[in-house]
Amino acid sequence: ASLTGGSYGLRGLFAGVGGTKGKLSYYASYHRRQGDGWRQNGRFEVNHGYAQVQYALTPKLKVGGELTLMNY
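Heads up: these notes are all about the structure in this document.

### Description of the sheet that holds strand β1 (residues 2–5)
Strand order in the open sheet formed by five strands is β1-β2-β3-β4-β5, with antiparallel pairing between adjacent strands. Two strands bound the open sheet, and with one partner strand each, they are β1 and β5 (61–71). Each strand axis lies, on average, 10° off the axis of its neighbour in the sheet, ignoring direction.

Laid out in structure tokens, this is it:
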């Protein structure tokens, strides 16, 4: 996980987790940024999430799915 900050109220957060359990592998992350902007009406807020799951049918063949969500 990481936290960031900057000028004009800029704040950010990133967190991710992943791993493998037998033939199943997974990864998920969340990213949030917000700030006031440097000009009038420049305020912003972003939320982004991602998830991925894979299953190994054979050593050379995997099936899986991904999901991405974003709000701006």
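Still more ground to cover, so stick around.
### Comments concerning the environment of Gly-6
Among the structural elements, Gly-6 can be located in the loop between β1 and β2 (11–21). For the pair Gly-6 and Leu-61, spaced 55 residues apart in sequence, the C-alpha to C-alpha distance is 44 Å.

### What to know about the packing of aromatic side chains
Here the structure, examined in full by the defined rule, presents one aromatic pair. Aromatic pair Tyr-27 and Tyr-50: ring centres 6.2 Å apart, planes at 50°, arrangement tilted. Separated by 23 residues along the polypeptide, Tyr-27 in strand β3 (residues 24–35) and Tyr-50 in strand β4 (residues 44–58) bring together distant segments of the chain. For Tyr-27, a relative accessible area of 32% puts it in the partly exposed group.

Reading the values: the criteria
- Residues numbered from 1 in each chain as written.
- Predicted model: local features only at pLDDT ≥ 70, side-chain atom pairs only at ≥ 80, totals over all residues.
- Heavy atoms only, no water.
- Pairing = 2+ DSSP bridges.
- Helix = DSSP H or I, 4+ residues; strand = E, 2+ residues; numbered from the N terminus.
- Axes fitted to C-alpha atoms, helices over the stretch in contact; angles between N-to-C directions.
- Phe/Tyr/Trp six-rings, centres within 6.5 Å; stacked < 30°, edge-to-face > 60°.
- Buried < 20%, exposed > 50% of the residue type's maximum accessible area, 1.4 Å probe, protein only.

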